[in-house]
Amino acid sequence: MAKKILLINGPNLNLLGSREPEKYGTTTLKDIENTAKDQASQRGAEVLAYQSNTEGHIVDRIHQAAKEGVDFVVINAGAYTHTSVAIRDALLGIAVPFIEVHITNVHRREPFRHHLYLSDVSVAVIAGLGAYGYTAAIQYALDN
């Protein structure tokens, strides 16, 4: 059975490529999703990509993942990383391993971005590697 990886992106990540390129680069979210899908397909796996600016929709998508037999989640919850107990609880509720990804190094940014609600329950946190962080997370998901 092919491995299924759910790639979730939160608020404002749909603006990648045009949003503050000096901070986030020029790679678009579609580029990231396509790279992840190609990377997985080379190993006979599947990436399901999802983006929402709405917290409740992200929670619903996480719940749906359990019903779909998702094996691993890669999530960049965006600003919800710093605020959402609901997303944390949803990830704990489905008991699927996940990696938290951040394009920038959140620990070199504003103090309010230093607290991550997901990090202590994630397999790993990848921060500051730009779009490559997704590639590293997908590779880990494929290997484990």
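Residues numbered from 1 in each chain as written. Predicted model: local features only at pLDDT ≥ 70, side-chain atom pairs only at ≥ 80, totals over all residues. Heavy atoms only, no water.

### Here's the deal with the UniProt feature "active site" (unreviewed entry) in the protein
In the numbering used here, UniProt assigns the feature "active site" (unreviewed entry) to Tyr-24 and His-102. The greatest C-alpha distance among the residues just named is 9.8 Å, despite their covering 79 residues of sequence, which places them together in space. Structurally, Tyr-24 can be placed in helix α1 (residues 21-24). Sequence-distant contacts of Tyr-24, that is, excluding residues within four places in its chain, are made with Leu-16, Arg-19, Ile-103, Thr-104 and Arg-109. Here the side chain of Tyr-24 touches Arg-19 through a polar contact of 3.3 Å, side chain to side chain. (UniProt positions renumbered as here; feature names shortened; annotations may be inferred. Helix = DSSP H or I, 4+ residues; strand = E, 2+ residues; numbered from the N terminus. Contact = heavy atoms within 4.5 Å. Polar contact = N/O pair within 3.5 Å; in protein donor to acceptor, adjacent residues only side chain to side chain.)

### Description of the sheet that holds strand β2 (residues 46-51)
In space, the five strands of this open sheet follow the order β2-β1-β3-β4-β5, with parallel pairing throughout. The sheet terminates laterally at β2 and β5 (124-127), the two strands that pair on one side only. Here the strands of the sheet are splayed against their neighbours by 20° on average, with no regard to which way each runs. In this structure, strand β1 (residues 4-9) lies alongside β2, joined through six bridges in parallel fashion. (Pairing = 2+ DSSP bridges. Axes fitted to C-alpha atoms, helices over the stretch in contact; angles between N-to-C directions.)

### A word on unusual backbone geometry
For Asn-12, which is not a glycine, the phi torsion comes out positive at approximately 75°. Locating Asn-12 in the fold gives a position in the loop between β1 and α1. Among the residues examined, Asn-12 registers a relative accessible area of 35% and is labelled partly exposed. (Buried < 20%, exposed > 50% of the residue type's maximum accessible area, 1.4 Å probe, protein only.)

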